[in-house]
Amino acid sequence: MAIGKKLGLRTSHTTFSIVFSVSLYAVCNALNIDKLAKWFYRNDGLDYWALSAYLLVGLCLFIVLFVLLAHRRTIKPVAILLVIVSAAAAYFISKYNVAIDSSMIRNTIHTDPTEVGQLLSLRMIPYVVFLMVLPAMVIGSTDITFQPKGWYLLASLKLVSIALFVAIAALYLNYNAIHRAGNVSNKYIVYSLVPINVISATLSVVSKSAKPLLASAKKDVEISGRVSSPDDLVVVLAIGESSRRRNFSIYGYERRNTNPALQRIDGLHLLNGIAKRGTTLYALPQILEKKDIKLPAIVAKLGIPTSCYVHFSLYDNCAAVGETRVSQCGHGGRCYDEDVVPLLEENLKTYVSGYRFVVLHLGGGSHGPKYADRYPPEFRKFMPMCDDADVANRCTLEQLYNAYDNTILYVDYVLGEVIQRLDRSGVPYVFIYLSDHGESLMEDGRMFHGMPPGVPLPPEQADVPLIVKSSVPISIIERPEYHQQDVFDTVLDLFSVQTTMFDNKGSFIKKRTGAAAQIPDS
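Residues numbered from 1 in each chain as written. Predicted model: local features only at pLDDT ≥ 70, side-chain atom pairs only at ≥ 80, totals over all residues. Heavy atoms only, no water.

A. Structural context of unusual backbone geometry. The omega torsion of the bond from Gly 368 to Pro 369 falls at 5°, within 30 degrees of zero and hence cis. Tracing the chain through its elements places Pro 369 in the loop between strand E12 (355-362) and helix H17 (391-394). In this structure, Gln 328 takes a positive phi of about 50° despite not being glycine. For Gln 328, the location among the structural elements is in the loop between strand E11 (323-325) and helix H16 (341-349). The class of Gln 328 is exposed, set by a relative accessible area of 81%. Of note, the phi angle at Met 442 is positive, near 75°, even though the residue is not glycine. Assessed through its relative accessible area of 24%, Met 442 is described here as partly exposed. (Helix = DSSP H or I, 4+ residues; strand = E, 2+ residues; numbered from the N terminus. Buried < 20%, exposed > 50% of the residue type's maximum accessible area, 1.4 Å probe, protein only.)

Written out as structure tokens, the structure is:
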């Protein structure tokens with residue numbers, strides 16, 4: 001208290017919120033700025049605008065979060081807690097070069113006293129004294145004033161609005177460079193930004209811990225409907241990752257022959273798919289969800305055997321039936337997309353009659369930044385290629401395209417294997433493949449995938465392959481473009497599902513029966 005009296009510190013809660021947030025943020029990140037800045041280097045040097053914009057976005061978001069928690073009885077305890085955890089995070093990033101993510105928070109929670117003792121060292125003393133003890137004493141002794149009768153809430157709202165506006169403007173104006181740095185660093189720029197990293201990781205842990213409780217409390221959506229016309233048919237829906245249409249030879253790509261397997265297969269329907277969302281987490285529901293109901297859930301609920309075989313998770317989109325992940329993989333234990341094929345083959349061996357639905361997630365696909373990690377060594381066919389995560393700065397455009405085209409070559413191989421297994425099995429089937437979204441390869445400076453909220457995907461990310469192959473007579477309803485949610489309607493239509501919940505107007509595959517089945521497929 002003596003420090004406070006000598007300094008005579010007295011300030012409003014808005015001024016304190018700004019000064020505290022800026023001071024803590026600036027000091028903690030200045031200590032490790034080199035670890036953050038290295039991801040913003042380009043061929044011509046450090047991208048100061050992008051780095052500054054990113055730091056400004058982080059600062060504004062921190063101000064928003066702090067102000068939302070800064071009330072009469074909470075402002076000092078929250079500030080002191082943030083000082084302690086931020087100083088600790090800055091120290092461990094400096095000493096161990098760690099990333100503060102949700103796994104690190106969980107590890108911290110479960111660390112025992114012996115492990116804590118092993119982490120302590122004399123190097124912590126300056127951090128404890130100057131970044132924990134002294135700031136906490138100053139905060140504790142500062143007289144923070146609040147306007148009466150809720151007027152301080154209006155002041156807080158103004159501050160939050162300004163901070164959000166600045167954050168959004170800075171992000172949108174420098175989105176491509178920030179997005180590229182995030183992908184190249186594998187989100188390290190988020191995990192090293194104090195105290196945003198601690199806050200986001202903690203929220204992630206709390207969210208995951210609360211999810212089972214919320215799921216148990218949530219009422220299940222009642223699914224109603226019926227299969228109006230039983231038939232013998234296996235529908236296989238394969239979902240790819242980051243594979244853009246324009247690099248498929250079967251769609252006219254001429255730089256490399258990326259589709260030798262699919263070119264040998266007759267009867268393919270090559271349709272123009274359109275993706276809406278640029279991240280897998282939000283793109284998958286565009287295919288597998290409608291009106292909060294998952295496609296596997298409604299199909300299984302209506303009595304149709306349903307399976308999901310995945311290389312990389314489908315998140316909760318197959319929760320109703322469960323996922324079967326690839327295992328015992330053939331490349332020295334390392335798994336690739338082709339490892340879903342044996343799971344499909346075993347499933348087909350058990351087929352006798354009736355409807356059946358199989359979802360395959362080819363989640364390796366063409367995802368960056370290290371494209372070479374998505375396919376086995378034998379598919380390093382187009383050379384020279386880029387092996388570096390920093391594709392924008394350390395690779396030529398030719399190397400970048402070769403590395404990416406090799407992913408399409410591998411996608412082609414996997415799809416060819418799936419179709420071969422279906423043909424050899426003799427089951428009546430309809431096979432549908434589409435990618436969740438495409439990928440930018442330095443078009444207008446864009447790299448990888450994803451755009452800010454409200455910004456449409458650029459063509460290279462929106463245009464995805466939509467490939468159909470069938471062993472039974474079908475007709476394709478011709479359209480210039482096919483949206484991902486049309487697949488949801490199409491699968492229900494193929495299973496003759498009648499329900500008042502959906503109108504299936506997006507369905508684009510029709511089974512031909514009777515005399516119509518004798519008409520050659522268009």
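B. Structural detail: the pairing of E12. Buried residues dominate E12, accounting for 8 of its 8 residues. Neither face of E12 is exposed, since Tyr 355, Phe 357, Val 359 and His 361 on one face and Arg 356, Val 358, Leu 360 and Leu 362 on the opposite face are all buried. Direction of pairing for strand E6 (residues 233-240) relative to E12: parallel, over a ladder of 7 bridges. Each bridged residue has a counterpart across the sheet, and for Val 234 the counterpart in E12 is Arg 356. Inspection of the sheet shows strand E10 (residues 306-311) paired to E12 by 6 bridges, in the parallel sense. Its bridge partner lying in E12, Cys 308 is registered against Val 359. (Pairing = 2+ DSSP bridges.)

C. Main features of the state of the cysteines. One pass over the full model with this rule turns up 3 disulfides. What pairs with Cys 308 in a disulfide is Cys 318, and their sulfur atoms sit 1.9 Å apart. With the S-S dihedral at roughly -65°, the linkage between Cys 308 and Cys 318 falls on the left-handed side. Of this pair, Cys 308 sits in strand E10 while Cys 318 sits in the loop between E10 and E11; the two residues are 10 residues apart in sequence, bridging distant segments of the chain. (Disulfide = S-S within 2.5 Å.)

D. Spatial organisation of the sheet that holds E10. Taken together, the 8 strands give an open sheet; going across it, the order is E11-E10-E12-E6-E13-E16-E7-E18, and neighbouring strands pair in mixed fashion. Looking along the sheet, the strands with just one partner apiece sit at the ends: E11 and strand E18 (482-483). Sheet topology note: the strand E7 (residues 269-274)/E18 ladder contains 2 bridges and is parallel. Each residue of the ladder has a partner; that of Ile 274, found in E18, is His 483.

E. Region of the structure containing empty space enclosed by the protein. For the coordinates displayed, the defined rule picks out 3 cavities of 30 Å³ or more. Around the largest cavity sit Trp 39, Phe 40, Tyr 41, Arg 42, Asp 47, Ala 50, Ala 177, Arg 180, Ala 181, Val 184, Asp 390 and Asn 393, which together line it. If you list the elements that add at least two residues to the lining of the largest cavity, you get strand E2 (41-42) and helix H10 (175-184). Sort the elements by how many residues they give to the lining of the largest cavity and H10 lands first, with 4 residues. For the lining of the largest cavity, the class distribution of residues is 7 nonpolar, 1 polar and 4 charged. Volume-wise, the second largest cavity comes out at about 40 Å³. As for the second largest cavity, its lining consists of Tyr 175, Asn 176, His 179, Ser 440, Arg 446, Met 447, Phe 448, His 449, Gly 450, Met 451 and Gln 461. (1 Å grid on protein atoms, 1.4 Å probe; cavity = no way out; pocket = protein on both sides within 12 Å on 5 of 7 lines; lining within 4 Å. Points joined across faces, edges and corners; volume = space filled by probe spheres on them. Nonpolar A, V, L, I, M, F, W, Y, C, P; charged D, E, K, R; others polar.)

F. Quick peek at the pattern of salt bridges. For the coordinates displayed, the defined rule picks out 19 salt bridges. In this structure, Lys 511 and Asp 231 form a salt bridge, with 3.7 Å as the shortest nitrogen-oxygen distance. Taken as a pair, Lys 511 in strand E20 (residues 509-511) and Asp 231 in the loop between strand E5 (226-227) and E6 lie far apart in primary sequence, 280 residues in all. Residue Asp 231 is classed as partly exposed on the basis of its relative accessible area of 34%. Taken together, the shared-partner salt bridges connect Arg 244, Arg 246 and Glu 443 into one network. (Salt bridge = Lys/Arg side-chain N within 4 Å of Asp/Glu carboxyl O.)

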